[in-house]
Amino acid sequence: MTKRTFSTESLGKDLLIGVLIALVSIPISMGYAMVAGLPAIYGLYGSFLPILIYGLLTSSPRFVFGVDAAPAALTGALLASLGIASGSDDAVRIMPLITILVSLWLLLFFVLKANRLLKFISHPVMGGFITGIGITIICMQIPKLFGGTSGSGELIELLVHIYDQGTAHFHLPSLLLGLGTIAVILVCRHFLPKLPTQAIVMVLGALATVVFPLKESGIACLPSVDQGLPALALPDFALFPDHYQTLLVSTFTIAVVILSETLLASSNLALKHEEKLRPRKEIIAYSLGNVAAAATGCCPVNGSVSRSGIADQFKVNSQWMSVSASLTMVLILLFGTGFISYLPVPVLTGIVISALISTFEFSLARKLRKVDKAEYIIFWAALLAVLLMGTIYGVIVGVLLSSITFIVRQSRPKIEILGVDPEEEGYHSLKRKGNYTPIREVLLYRFSGALFYANISDFEAGLTEALKPDTRVIVIDAAGISSVDVTAAEYLLGLYHKFRRRDIRFYLAGHVTDVNAELRAFGAEELIREGAVRSRISLALRDAGYDKPYVLEETDSEKKNTYSKQLAELSWAYGDNAERILEEIAKKIALRLTEDPETDLETLLAEEKQLAHGYWNYADEDEFLDYLEMQFVLHLEENSKHKPAGLELRIEERIAERHLLLEEKILERDPAFVERLRRHRARRDENFRKLHPETYQRLQDARQKYMTALRDRNPKLAAMLQEDADENN
């Protein structure tokens, strides 16, 4: 154990949180034990020794281990495929064998360092898989809400079973009690997230059985169990030969799910708290935790995201929580199991269903739909495969689709043409908003991805398409090319010879050293010997006779040098949303000015400047003042009833004063720039006029006051700006 895993700084609080975790685990673990095909008491058996072993071995100071949804569902499906009835003596007999096989698979994963393979199981695959399992378990449990028995199989079979049970055993009071339980838990989860609602609902359900004649009215309760700790359960290996194929495949799947779900979730929690997780140590903890589960006769166990979330909400700091939870469960088993026979089945079923709903990843699907259609399809493919074909097929389908998507993306990496801005360092994509212009007679071509047989033809096609009649130099920005294969090396050498015959210089620049080793190994060393390979783009250009300041291609003079550096930086970060982000920042500052008109404007602008990453000149501030002015007028329009008297004039005066200062400085440094600035400002005004015609008129009125002041202070600049205003009108 590590010092951080068992910190004494918050010992008392962590021990209390452990008691809470044990209480919350009672209904959840009992419900999942029944999902796995065991009597409910085995959920409690699996909630004292496994959590203790895991707590002693883990490198995570706050993650919770125990009986949980995914392994329980997979185990229940395994029993169904073996023809073993849920809750039967045969289920109890074979369960230690299933769990010990899972622990052996996990031990093998430790030896093979299988945690490295998790990168091939994408979040969409796991999200679709877990969501599909959750829906499957809910469909299994639905009949128990209205007095029926749980089902098994895939979605179609489960829906048929729900219909048959509803026809034969429908009991309205049971359904109302179960649905009420779900509703209470979901509402409390939203409004009172720190409240241990599941434990409270469980207690209320047991009390209701004592106070009201629930059993007499037909509402089923759990059977009574004996108090005491479980006897040692030994795996019955005599059962293995008869079912070895099914057992090996299914337990392997369960082990993969335990490894991936628990390790990913605990890694995310460790990242949140800036803690170091040791993956291989975690796998050993998972394996020995399942050995402990097998010893108690319980189903396979894994990390509980929901209970870890509860512990994290209460700011747990060490695994004293797990020790406390384990000891609390021992006390419950020794002295407190009498309440179990008073627990209504619909209440326990409602607790399980509400817990499963929290595992759904539909929010991830909504996000993927907006940003990545391929991953969105993978999510739904994994989910539907689980529902329609079974759990193992969900993993297979998801991993296959992820692999195909990976191959397709690697074969079609991003291609960009680069340009330069005399006022900036570096070479930038022409797709990025800003004053970036190609160098005359030079093609700067960026290829972002490993170069190999599947994408070299796309590389060549994109390069050929980008060539211009006057191109004399081609420089490949190879910073994103991590490797080349033999096919790519031969192609690069062929392109070098092809362009040399056309009197075009061809260079590969900026790549990692390993690429040079691969070029030499695959017979393209000629590129290195003849200087076609350079460590930097600037060195390649210098070798070809092009040095700073570069001669740039002709561009639209009206657009040249009028684009804000600040907006260009935001464009790099936010893409097409750059102007919207800038408007939101301006709106925020306008709101602060409205609330406190005496706030220092220069301080507010300095705060906004930080977002520009150092790119902030007079033109940038002038443009932002226009955004600020527009947003301020819009804000006054929306809140005209609540604006303080004289506020508009005071703010406009302050913005006008800042405008005056900037324009005078611009005129002193570069009179010609004022002309370009006027055109750029006119385009912004026109866009604003189209979107907000009435507010635009008010803005013009405010500017007229500003022009009157400007005529007194700087007649020359006022005349230039008035001329511009007359042209726009």
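Throughout this description, residue numbers start from 1 for each chain and increase along the sequence as written. The predicted nature of this model means local features are confined to residues of pLDDT at least 70 and side-chain atom pairs, given and counted, to a pLDDT of 80 or more, with totals for whole chains, interfaces and linings taken over all residues. The side-chain quantities take in all heavy atoms of the structure and omit both hydrogens and water.

Engineer: Before we go on, may I ask you to explain the overall build of the chain in this structure?
Structural biologist: Per the convention used, a helix needs a DSSP run of H or I reaching at least four residues, while a strand needs a run of E reaching at least two, with both numbered from the N terminus. A count of helical and extended segments in the chain gives 30 helices and 8 strands. For every residue, the accessible area obtained with a 1.4 Å probe (protein chains only) is divided by the maximum for its type, and the residue is called buried under 20%, exposed over 50%, and partly exposed between those limits. Each of the 729 residues in the chain was classed as buried or not, and the buried ones make up 53%. Here, two residues are considered to be in contact whenever any of their heavy atoms come within 4.5 Å of each other. In the chain, the proportion of contacts linking residues at least 24 apart, taken out of those at least 6 apart, comes to 78%. Calculation of accessible area relied on Shrake-Rupley with a 1.4 Å probe; when residues are assessed, cover is drawn exclusively from the protein chains displayed. Accessible surface computed for the chain: about 34200 Å², of which carbon and sulfur atoms make up 59%.

Engineer: What is the right way to look at the confidence of the model for the chain in this model?
Structural biologist: Detailed reading of the predicted coordinates is not advisable wherever pLDDT falls low. Each residue carries a pLDDT value, the predictor's own confidence for that position, ranging from 0 to 100. When pLDDT is averaged across the chain, the result is 82; 80% of the residues are at 70 or more. Across the chain, the element-wise mean pLDDT spans from 58 in helix 30 (residues 715-728) up to 96 in helix 5 (residues 89-111).

Engineer: Got a minute to help me understand the nonpolar core in this structure?
Structural biologist: The nonpolar side chains of a soluble globular protein tend to be buried, and buried together. Core analysis: the biggest nonpolar cluster contains 115 residues, and Met30, Tyr32, Ile94 and Leu222 have the highest contact counts within it. The residues contacting tyrosine 32, other than those within four sequence positions of it, are Val67, Asp68, Ala69, Ala72, Val352, Ala355 and Leu356. Nonpolar core, defined: a set of buried Ala, Val, Leu, Ile, Met, Phe, Trp, Tyr and Cys residues in which side-chain atoms within 4.5 Å join the residues together.

Engineer: Help me understand helix 7 (residues 155-169), please; the structure alone is not making it clear to me.
Structural biologist: By this rule, a helix spans an expected 1.5 Å times one less than how many residues it contains. Helix length check: helix 7 (15 residues) gives 20 Å between terminal C-alpha atoms against 21 Å at 1.5 Å per residue, within 8%. All buried positions along helix 7 are accounted for by Leu155, Leu158, His161, Ile162 and Gln165. The buried residues of helix 7 occupy an angular sector of 115° when projected down its axis, which confines them to one face. In helix 7, the exposed positions that point more than 90 degrees away from the buried face belong to Ile156, Tyr163, Thr167 and Ala168. Buried residues belonging to helix 7 abut helix 6 (123-145) and helix 16 (373-389). In this description, one arc is meant: the one made by directions from the helix axis to the C-beta atoms.

Engineer: Explain the packing of aromatic side chains to me, please; I cannot follow it from the model alone.
Structural biologist: Between two aromatic rings, the relevant description is the distance of the centres plus the angle of the planes. Here is the rule: rings of Phe, Tyr and Trp (six-membered ring for Trp) pair when centre to centre is within 6.5 Å. Planes less than 30 degrees apart are stacked, more than 60 are edge-to-face, and the remainder are tilted. Within the structure shown, the criterion is met by 18 aromatic pairs. Consider the rings of phenylalanine 65 and tyrosine 286, whose centres lie 6.1 Å apart with planes at 5°: the pair is stacked. Separated by 221 residues along the polypeptide, phenylalanine 65 in strand 1 (residues 65-66) and tyrosine 286 in helix 11 (residues 279-295) bring together distant segments of the chain. In this structure phenylalanine 65 comes out as buried when scored by relative accessible area, which is 2%. The exposure class of tyrosine 286 is buried, given its relative accessible area of 0%. Seen from their ring centres, tyrosine 427 and tyrosine 550 are 6.4 Å apart, and the 45° between their planes marks the pair as tilted. One end of the pair, tyrosine 427, is in the loop between strand 3 (414-419) and strand 4 (428-429); the other, tyrosine 550, is in the loop between helix 22 (537-543) and helix 23 (565-574), and 123 residues separate them in sequence. Since its relative accessible area comes to 15%, tyrosine 427 is described here as buried. Judged by its relative accessible area of 14%, tyrosine 550 is buried.

Engineer: What should I look at first to understand the sheet that holds strand 5 (residues 442-448) in this one?
Structural biologist: Adjacent strands of a sheet form backbone hydrogen bonds with each other and so pair up, either parallel or antiparallel. DSSP-based pairing: two strands are paired if at least 2 bridges between them are found. Spatial ordering of the open sheet is given by 4-3-5-6-7-8, a layout of 6 strands whose pairing is mixed. Each edge of the sheet is formed by a strand with only one pairing partner; in this case those strands are strand 4 and strand 8 (533-534). Summarising the sheet, strand 3 and strand 4 pair through 2 bridges and their orientation is antiparallel. Directly across from leucine 418, in strand 4, lies its bridge partner serine 429. Angles shown run from 0 to 180 degrees and are taken between the N-to-C directions of axes, each axis being a line fitted to C-alpha atoms and, for helices, limited to the stretch in contact. Sheet contacts for helix 18 (residues 456-466): strand 3, strand 5, strand 6 (473-477) and strand 7 (505-509); angle to strand 5, the most-contacted strand, approximately 155°. Across the face of the sheet, helix 19 (residues 486-501) comes into contact with strand 6 and strand 7 while running at roughly 150° to strand 7.

Engineer: Just to check I follow, could you spell out the side chain of serine 103 for this structure?
Structural biologist: Topologically, serine 103 is positioned in helix 5. Once residues within four sequence positions are removed from consideration, serine 103 is found in contact with Ser287, Asn290 and Val291.

Engineer: Just checking my understanding: could you explain the pairing of strand 3 for this structure?
Structural biologist: As a general feature of sheets, a regular strand has side chains that alternate between the two faces. Pairing of strand 3 with strand 5, which is carried by 5 bridges, proceeds in the antiparallel orientation. Paired with lysine 414 across the bridge in strand 5 is serine 448.

Engineer: Would you explain the layout of surface pockets in this entry?
Structural biologist: Regions of empty space are outlined by a rolling probe, equal in size to a water molecule, passed over the atoms. A volume near 1100 Å³ is recorded for the largest pocket. In this analysis, the protein atoms alone were mapped onto a 1 Å grid. Cavities are point sets where a 1.4 Å probe fits without being able to get out; pockets are open sets with protein on both sides within 12 Å along at least five of seven lines; lining residues have an atom within 4 Å of a point. Lining the largest pocket are 46 residues, with Val305, Ser306, Ser358, Thr359 and Glu361 positioned closest to its centre. When residues of the lining of the largest pocket are traced back to their parent elements, those giving at least two are helix 1 (11-35), helix 4 (69-81), helix 6, helix 8 (172-191), helix 9 (197-211), helix 10 (240-272), helix 12 (305-313) and helix 14 (345-357). Looking at which element gives the most residues to the lining of the largest pocket, the answer is helix 12, with 8 residues. Here the nonpolar group is Ala, Val, Leu, Ile, Met, Phe, Trp, Tyr, Cys and Pro; Asp, Glu, Lys and Arg are the charged ones; every other residue, Gly included, is treated as polar. Residues belonging to the lining of the largest pocket are distributed by class as follows: 25 nonpolar, 13 polar and 8 charged. Grid points are joined across faces, edges and corners, and a volume is the space filled by probe spheres set on the points.

Engineer: Any chance you could explain the pattern of salt bridges here in plain terms?
Structural biologist: A side chain with one charge may pair with a side chain of the opposite charge, provided their charged atoms come close. Take a side-chain nitrogen of Lys or Arg and a carboxyl oxygen of Asp or Glu: if they are within 4 Å of each other, that pair is a salt bridge. Per the stated rule, a full pass over the model turns up 13 salt bridges. Residue glutamate 425 is joined to lysine 548 by a salt bridge in which the shortest nitrogen-to-oxygen separation is 3.2 Å. Placement of the pair is glutamate 425 in the loop between strand 3 and strand 4 and lysine 548 in the loop between helix 22 and helix 23, with a sequence separation of 123 residues. The exposed category is assigned to glutamate 425, whose relative accessible area is 60%. Its salt-bridge partner being arginine 446, residue aspartate 477 comes within 2.9 Å of it at the nearest N-O pair. Highlighted residues: aspartate 477 in strand 6 and arginine 446 in strand 5, separated in sequence by 31 residues. Linked through salt bridges whose partners overlap, the residues forming this network are Glu416, Arg446 and Asp477.

Engineer: Explain the environment of proline 196 to me, please; I cannot follow it from the model alone.
Structural biologist: Tracing the backbone shows proline 196 in the loop between helix 8 and helix 9. Residues proline 196 and isoleucine 185, spaced 11 residues apart in sequence, show a C-alpha to C-alpha distance of 9.3 Å. When residues no more than four places from it in sequence are discounted, the contact partners of proline 196 are Leu20 and Val24.

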